[in-house]
Amino acid sequence: MHDCPPPADALDRWLTAYPSIKSKGRYGHLLLEQDCDCDADLIAEMRPYFESAHRDARTFFHDQMGIDLHPDADDPAAHATYPTCLPPITRRGLFGEVMAGMVSEHYELVGKHSWRIPVFLFRHHEDAEHYLFALARDGTRTRELFGRKGSDFIGIALAADGSVARAIVGEAKWRKDLQPSVMDDLMHGKLVKNKKTGIKARSGKGIWYQVNRDIPAPHGLRQLQRLLRELDPDGHSAAILSLDRLLSVRNATPLPRTNLILIAGGDVPGRDAQTSLIPWEKMPADYTAPHALQVVEMILNDGDTLIDGLYDALWPAP
Amino acid sequence: MPEHDPQRLEIANNIRIGLALENELSADQARAYVRCLQTSWQVPTIQWADRDSREQLADARRLLHAAGVLREIEGSASTRAVDCYRRAGEIFEWLARADDKMRARAPIELFAAAAFQLGGLPAMANALLSQLPLDGAGSGLYADFLRADFDGVLAKVARFWRDHPDLTQRDAASALLREEAEDRIGWYFTVELVRALGLFADALRRDDTVRLAQALAKLKALDAMALRTFSDDVSLLVMLLHLVGQGYAAASIYRPVARLADLAPDRALRVIAYAREQFSRGRGILWSSQQAGLDRLLNHSSFALCTPTGSGKTLVANLALVKELLLRDHGDVVPLALYLVPSRALAGEVEAKLHAELGADLIITGLYGGADWGITDYWLDADKPTVLIATVEKADALMRYLAPLILKRLRLLILDEAHQVVPEANDSARVAFAEHGSRPLRLENFVARLLARAPDLVRIALTAVAGGAAGPVARWVENDPNAQPIGLRYRSTRQVIGVLQTAPQRRCTMLLDLMNGKPLYVQGRGDPVYLNLTTPPMPQLPGTMRNSIYRFNQLTVLWTALHLVEADRRILISLAQQPEQTMRWFKEALDLPAWQALPRFLPPEDWRGERFAEARAACVDYCGENAFEVVLLDHGIATSHGQMPQRLRRLMTALIDERICPITVATATLTEGVNLPFDIIFVTALKRSAYDAVARRMVDTPYTAAEFRNLAGRAGRPGATRGMEGLTLVALPTAVAASAPGQQDTQIGQIAGMASDYDVLREALRLDELAGDAAVGPLALLLETLRDRVRTHYRIATDEAFLAWLEAALPEDISDEAGTGATDPASRFADSLDELDAFLLTAIEEVARIDDGTKDGAALEADLAALWRRTFTFAAQVQEDWLERAIVRRGQAIVSIVYPDADERRRLYQYGFSPYVGRRFEVIAPAIREILEAATDYGQADAASRLARFATIGRLLTADRGFGFRIRDTQTDRRMLENWVDILGWWMHVPGAAKPEPAELRAWQRFVSDNLEFRLGVAIGAVVAQSWSAGAGDPLAIPSLEAWRETTSLPWFGFWARELLRWGTLDPFVAFALAQGRAKTRDDAVLLRIDYDAWLAQELDRPTSEDRIDPQLFLSWERAMPRGPREDFDQEPEAARLTGTTGGKRRYGVLPIAVDGATRWIDPAGYELARSDHPAIAFDASALRDDFILNTAGRPSVDRAFRSGGRR
C-alpha cells in the first residue's frame, strides 16, 4: 500500500502554484511553475514518496522476475531492479503518474476533496498486449488492441464510513518540450493524412477524446479493488464493499468522479511566465464530459534531470 | 473475516439469483442464446443492437466478479461461484458463437472457456474452442491451455522456441531485461508467459510436482504483474489462466492415482503409467463427477455414481478395476470382475475401451461366443486378473455353469446403466414377467443372488440422473438405507429438445422447446424459439410416396439430413419400429431423378476407407448384394437394428463412431447406453404399435420418458460433435401430403395424433425431471401383479389369504396351457407365478450347490430373508411386510411342495428356463442329447448332413411355444415357421440356399435372432450344460478343452453347435476364425480354411472327423501363425551433448525440436539443454506427445520415457 504523505515543503519550495476554480466550481486549473533548480536535496525529499508509490509494483515485479524457470536455477534469479530497470520513456510515463498522485494529495483541487491513492497502477505496456496475442515481437500489428487500456491514473476519496465516495481519474503526460504543436498532438491527437484528399488533420484521438468518452465505472477500478482485496482486506473492507456494488450491481448509482489532466514537461521560449497552455478562465469547449475537471500544468526547466536523478536514486544499494 | 464480507456475499448472491440460476434464462439471455443458435445455423437472426451486446458483456463481467467474490469468501469449492462461472461462460459463448463484434474488443471466447473450466464444464470449454477460428498464435496457445489440450500447448510452445532460438539461451531472460529497446518489458512478459505455460503443461503431464509448483508460482506472479500493468481485459485473461491452471493442478488424475498406488507400492509404476496414458487421451484432468467418484473409490468401496453418459464414468470404472484387481492383495486367488451392461452392443464398446487402456494388465473378455463356455473363455485358467463384460442373460448362463468357480474369484461387480433395474409400472412390464422377458427383474434377480452369496463383493453402480432411480440404486449397491448417490450436479452437454416441422413444398422449421429439461422461449412474447432452415424444400414426391403421411415425414427428414451433413454434422434418424420399411422408403427415394443432384457420398481414402470396405463386405455377406442396408451404405447411411447380426452391428457402430458415415438410421437398440457422436437426432415416431392377438386390436406403446431421455442423451457428445448442444427433434408434419380427399382426411387425423404424442411426451419429460426418489422394484411389481390376479381369479382379498395361496399354488392348476407361451389371462397368470419360482428356485439351488445340499426350515427361511434384503425392491421402496413374507413362504413351498425333488431342482436350475418350462423341456432334452451324441461325423460331413443335424434338433422345438420357437401371430410369421429350415439354410450359409428378398430380410433376421440364435441356442446350451455338470464331479473344476469331451461324453459338435448358430456357419473353423478376428467375412474364413487344412495335413497323418473340428488343434494352428512385427520396439537412447545445462540435476525432462537435421533438446520452459547432432530418429511434431528424459550421469543421452498410444 502507498502510505507516504507528499513532501509538502519540497513541493512548495520547488514549484509556484497558480490555482483557479471556475465554471461554477466545476473546473479547476492549477499552473505549477518551477521555482528552484533541481538538486540533491529535492531528490532526497521526493524519494520516499516515489518509493512508496512504486513499492507494490516493485515487490510483484521482483517476485515475478525472481522466478527463473531454467531447470538448473536453484536460487532466485539475479535480476534488474524495478523501476530503475525501466526504459527512459516508460520512466517518464511513471513520473507523470506519480506526480498526478502527489498533486492530488497535496493541492486543493476542484471540489476540495481529500484524495487518496491506496495503490498506484502503472499501465505502460501497451506493446505487451500485442505481443501476447501475436507471440511475436515485430511491429506488424494484425489486430486491434483488445479492450481499452484505461486511464493513466486513478485515486479515490473515502466517505466517513470508509466507502469509496468519489474517484479521480485521469491522464498524466510528460513531454520534454511543451510547444503548441506538442500540446495539440496531446490534446487533439496526431496529424494524420487523409488518404483521399491528401490533407493532414488531427486524428481526434487525443486527451480530450479520452476523458470525454470514459464510462461511468472507470477502467482500472476493478484492478484497484482486486489489489485492495489482496493487500488490505480488513482495512479497506468498506471500500471494497462499495466497489463490489459499483462493479457488479446492474444500474448501480454511478460513482461521482473528477477528471484530471496533468501535463508535465519542459518550458519553451514561446511561453510567458504565469501563462497557461490550456485556458483557465472557463471550462474549455473541448471538454464535454459531465464530471468536474481539474487541469494541472507542471512547467519544469530541468525535468529530465529530475526524473533520471530521482529514478536512479530509488532504493539505493546499501 | 473482514467486516463487510457478509454484505459482499449478499450482493454477489443477488447477482447469481438475478442472472445465473441453473437452467433459468432471463429474457435477454434467452434472446442471446437464440441469436447464437440462429447464427450457427446460418439463418436470419432476431433483432439485436450493439447495446444488447454491451449489456450482455457487462452481465458476464458482473458474473465473473460475483464468482470471484463468492470464491474468495466461500472457498474454491463454492457452488454458488460455480453457478456464476457457468452462466458467465454461456453469455460469452453465445456472443462468441454469434460472431459478435465484441470478439474484436475482448477475447470473449477465451473468457468463455475459462469460465466453463472454473464452472466445472470442461467439455463446453473444449467444444467451444474447437469450433471457433482464433486470431493470433497467442490466442491459439491460450485456447489449447484453456481446453486442457496439453499436447497442443507443447506443440505451440515448441514452435515458438524453434522460431526464437535466441530466447532459448541460458541467460535469455536477463539479457532481454538489459536491452535498450522500449518494448523489452512487454516482450519479456510474453516470453515468460510462454515459458510458464509450456512448463506447466509438461510438468502436469509428467507429474513433476516440483516444477509444476514452479510453473504455478510463475503464473501467479505474472498474474500479479499483469494486474498492475495491463488493461482490464488482458489482466483478466492472465488471471483466468492462472486460476484455471490452479484447478488443473488440483484435478490432475495423478493425485488419486498416487493414493491408489499406495495400496501396492510394487505396482505403483504401472498405475502411474496408466495416469500418464490418460493425459495422452485427453483425460488427465478429472471432471468434477470423476473427482467425486474417485474420492469415493479411495475412501469406500461400494457406491453409485450418478452422471449422464459422456461424463467420464468409464474412467472411474477403470480405476475401480485397477484398485480391486491389480492393487489389492487377494492371496492365491486370481481376482475377477464382472461388468454388467444392458446390451451386447454396449458390451462391445466397453470391451474395446477397457482393452485399449488395461489390456496389458488384465484379461478383458466380452463373452461374445455363442456358447455358455467356449473358445474365448481362456481366462478361466489364466493366472491374470480378468474382467468379464456381459449382459445379465450371459452372466446368468455362465453362473449356472460355473457359479462356485466364479464366486470364489469374483471381487468386483460393476453395474452399468443400473437405473435400468427400475421397471415401468405398466402392462407391458407385466406381460414381460409372464413371457420371462423382464430385464429389470432379471437384473434385480441376478444381482440379489450374487450379493446374497458374496456379501463382501465390492459393487459400483453407474446410473443416469433423472427418473428417481439414483437414490434407490445407491441404497441397493451400498446396502445402506442412508446411502446417497454421488455426482448429481453434473451435466456434460447442453440438451435441446424440439420439433422439426415438415410440410410439402415448404422449407422445414425447427422449434426448440426444452433446454436441459426447462422450457426455452423468448420471454415477453411467449413465442417458441424457432429456426427456419435454409435447406431447399424437398421436390414434390410421386403420389404413392405421399399417400402415407409417415412416409412423407420420414423422407422429409432424410432430405433435410442429407443437406445438413454438408456442414459436417452427424445425424441419427431414430425409428420406433419397422426399420425395413423405412430403409425401403429411403432406397426408393434415393432412386428418384429429383434426388440425383444431391452430393454423392465418397468413402474416405485413409484408413477409414478400409473400415468402410470391411463393413460393406460384411453387410453383403450377411444381407446380400441387393439389400437395402448395402444400398444405403453406399449413400453414406449406416443402419442398425436389434435383429442385425452381431458382427455387422459392431462394424456399423464403428462406421458411426469413427464419423465415416454421416447419417445413421437405427432403432433404439443402437443407442442403449452406447455413446456415439451425433449432433442431431431426428425422431420419426414416439410410439410403437403392435397387433394384440388376444385383444384383437392394435396396441400403442408410447416412448417412456426414460427411453426418450436415453435417446436424446446421445446427441451432442462432448468434444465429438460440431455444435455446443445436442439437438433432438421430433419430426411432425404440419400439412397433409396426399392429394386424394379421402387420404387427406386420414392424414389430418394422423397429423393430430402425432402432435398429441409429442404433447404427451413433453409432459412425461417434465414430470420425469421432477421425479423424486420413488422407484418401484421389479419384484414388488411382480408380486403385486400376482396378488391382483389372485384377487380377481380366486376372489381372495386379504394379504394373509394370498400368502396361504402362494404356499400351495402350482402353475398347472391355474392353466392347462401354463409354460406354453399362451397369451390368455390365466396362462399369463400361471407363467408369472413360474417367473417368481424361477427367481426363488435359482437362488435356492445356487446355495445348495455351494453348501452341498438344500436347507430347509429355519435355515432356508434365513437364506430367503437374506436374499430379500439384497433385492433392489427392498432398497427402493417403503417396506410392506407382506412382500418379504411372500418371498419366504413361496421359497419354502418350492422346496417342500412345488419342486420337492432335489435332483429335479438341480436339473431345472441347469437348464436355465423358468422351472415349469424347464420341466416341459426335460421331456425333449434326452432326444437333443442323443442327436448331439450321434454327431461324431460332423467334422467331415457335407453341408447337407451338417444342416440336417440342426434341423433335427430344431424340429423338436417347432411345435412348442414355451421353450420352442416363438413367432408373432401374423401370416408372414406363420409362413416363416413353416419354412424355417430354409431360413436355417440361408443363415448357416449353405451354398445354393434360398435367400430373402430385400423386403423380407429383416423378418428373416428376426426369426434367426429370436429362434435360431436364441431359442435353439438356449435349448442346445441347456443340454450341454447339463452334460457337463453331470460329468464333472467337482463344482470347482475348471472347464478345459482337454477335459471337455470326456466330461460331457459329447463329440465336438456339442461344443460348437451354439457358436455356429451365432456366426451363421456350419463350419466350426469359420466360427473360430471370425471369433478370433482372423477373418472379416465368412467367405474370407472359408479361404483361410485351406491354410488350416494344409497345416493339419502336416501335423496329423490321418485326421479323423473329430480332429477336423478340434478347437485345441485350431488354437495350435493359430499359435503357429507368423506374428506381425512388434510396433513398439525398444529404442536405443539418443546420444546428446550438453549445450545449456551443467547436468547437475542428472535427469531433465526435455522436448525435441528438429532443426536442420539436428535435434535440439529443450527444457519445457524454453531453455535449450542439449543437442543431438546426428540423431538416429527424426522427431516430428508428434514426438511432442511423448516424454523424453535427458540423462546426464555418464555420457549424456536422451531416452523416451513415455510413448503415447492411441490415434488422434
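About the cut-offs
Residues numbered from 1 in each chain as written. Chains lettered and ligands numbered in written order. Predicted model: local features only at pLDDT ≥ 70, side-chain atom pairs only at ≥ 80, totals over all residues. Helix = DSSP H or I, 4+ residues; strand = E, 2+ residues; numbered from the N terminus. Rg over C-alpha atoms; globule rule 2.2 N^0.38 Å. Buried ≥ 20, exposed ≤ 12 C-beta atoms within 10 Å, placed from the backbone. Contact = placed C-beta atoms within 7 Å. Pairing = 2+ DSSP bridges. Axes fitted to C-alpha atoms, helices over the stretch in contact; angles between N-to-C directions. Expected span 1.5 Å × (residues − 1). Nonpolar A, V, L, I, M, F, W, Y, C, P; charged D, E, K, R; others polar. Parallel < 35°, antiparallel > 145°, perpendicular 65-115°, else oblique. Left-handed = near helix turned anticlockwise from the far one by under 90°.

Trainee: It is not clear to me how the overall build of chain B should be interpreted in this structure. Could you clarify?
Mentor: Helix and strand counts for chain B come out as 50 helices and 25 strands. Relative to the globule expectation of 33 Å for 1208 residues, the C-alpha radius of gyration of chain B, 32 Å, shows essentially globular dimensions. With the C-alpha coordinates aligned to their principal axes, the bounding extent of chain B is approximately 100 × 80 × 70 Å. Taking all 1208 residues of chain B together, 54% fall into the buried category. When contacts within chain B are restricted to residue pairs at least 6 apart in sequence, long-range pairs at least 24 apart make up 70% of them.

Trainee: What is the right way to read the sheet that holds strand β7 (residues 257–266) of chain A from this model?
Mentor: Sheets are built from strands paired through backbone hydrogen bonds, the pairs being either parallel or antiparallel. All names here are of chain A. Ordered by their spatial adjacency, 6 strands build an open sheet running β1-β2-β8-β7-β4-β3, and the pairing between neighbours is mixed. The two strands at the open ends of the sheet, each matched to only one other strand, are β1 (15–22) and β3 (153–158). Strand-to-strand twist in this sheet, taken as the mean axis angle between neighbours without regard to direction, amounts to 15°. Bridge analysis of β1 against strand β2 (residues 27–34) gives 8 bridges, and the strand direction is antiparallel. Note on β2: the bridge partner recorded for Tyr18 is Leu31. Sitting on the sheet, helix α3 (residues 88–106) touches β3, β4 (164–177), β7 and β8 (292–300), and the angle it makes with β4 is about 135°.

Trainee: Please clarify how helix α8 (residues 237–248) of chain A should be interpreted in this entry.
Mentor: Along an α-helix, residues three or four positions apart point the same way, because every turn accommodates 3.6 residues. For α8(A), which comprises 12 residues, the first-to-last C-alpha distance of 16 Å matches the rise-based estimate of 16 Å (1.5 Å per residue) to within 8%. Listed in full, the buried residues belonging to α8(A) are A:Ser237, A:Ala239, A:Ile240, A:Leu241, A:Ser242, A:Leu243, A:Asp244, A:Leu246 and A:Ser248. The secondary structure elements touched by the buried residues of α8(A) are β3, β4 and α7 (221–231) of chain A together with α1 (5–19) and α3 (50–74) of chain B.

Trainee: I keep staring at the pairing of β4(A) and nothing clicks. Help me out?
Mentor: Within a regular beta strand, the side chains point alternately toward one face of the sheet and then the other, so they alternate between its two faces. All names here are of chain A. Pairing between β3 and β4: 6 bridges, direction antiparallel. Residue pairing for β4: Leu158 is matched across the bridge by Val164. The hairpin formed by β3 and β4 contains 5 residues between the paired strands, and Gly162 there has a positive phi angle of roughly 95°. Judged from the 10 bridges that link them, β4 and β7 form a sheet pairing that is parallel. Opposite Val169, over in β7, you have Asn259 as the bridge partner.

Trainee: Whenever I open this one, the interface of chain B and chain A confuses me. Can you help?
Mentor: Where the parts come together, the accessible area they lose is often given as the size of the interface. At the junction of the two partners, chain B supplies 65 residues and chain A supplies 56 residues. Elements with a contribution of two residues or more to the side of chain B that touches chain A: α1, α3, α5 (102–105), α8 (137–146), α10 (172–178), α11 (184–206), α12 (209–229) and α13 (232–251) of chain B. Looking at the side of chain B that touches chain A element by element, the count peaks at 11 residues for α11(B). Partitioning the side of chain B that touches chain A into residue classes produces 31 nonpolar, 16 polar and 18 charged.

Trainee: Please clarify how the sheet that holds strand β1 (residues 303–306) of chain B should be interpreted in this entry.
Mentor: All names here are of chain B. As summarised here, the arrangement of the 6 strands in space is β1-β6-β5-β2-β4-β3, forming an open sheet in which the pairing is parallel. Unpaired on one side and paired on the other, β1 and β3 (363–365) mark the two borders of the sheet. On average, each strand axis in the sheet is tilted by 15° relative to the strand beside it, whichever way the strands run. Sheet topology places strand β2 (residues 336–340) next to strand β4 (residues 386–390); 5 bridges connect them, and they run parallel. If you follow Leu336 over to β4, its bridge partner there is Thr386. Its contacts with the sheet put helix α17 (residues 313–327) on β1, β2, β4, β5 (410–415) and β6 (458–463), and the angle it makes with β5 is roughly 175°.

Trainee: When you look at unusual backbone geometry in this model, what are you seeing that I'm missing?
Mentor: Negative phi characterises most residues that are not glycine, and trans characterises most peptide bonds. All names here are of chain B. Positive phi values are uncommon outside glycine, yet His436 reaches one of about 55°. For His436, the position within the fold is in the loop between α20 (427–434) and α21 (439–453). Note on His436: 19 C-beta atoms within 10 Å, which makes it partly exposed.

Trainee: How should I be thinking about the packing of α1(B) against α3(B) in this particular structure?
Mentor: Relative placement of two packed helices is described by the angle separating their axes and the distance separating the axes. All names here are of chain B. Put simply, α1 and α3 touch, their axes get as near as 9 Å, and they point 140° apart. On the basis of their axis angle, the class for α1 and α3 is oblique. Crossing of α1 over α3 shows left-handed handedness. Counting all contacts with α1, which are made through Asp5, Arg8, Leu9, Ala12, Ile15, Arg16 and Leu19, the residues of α3 involved are Asp59, Arg62, Leu63, Ala66, Val69, Leu70 and Ile73. Here the residues of the contact of α1 with α3 are counted per class, giving 9 nonpolar, no polar and 5 charged.

Trainee: I tried to follow the environment of B:Leu326 on my own but got confused; where do I start?
Mentor: Residue and element names in this part refer to chain B. Relative to the helices and strands, Leu326 resides in helix α17. Note on Leu326: 19 C-beta atoms within 10 Å, which makes it partly exposed. Sequence separation of Leu326 and Val271 is 55 residues, and the distance between their C-alpha atoms is 9.1 Å.

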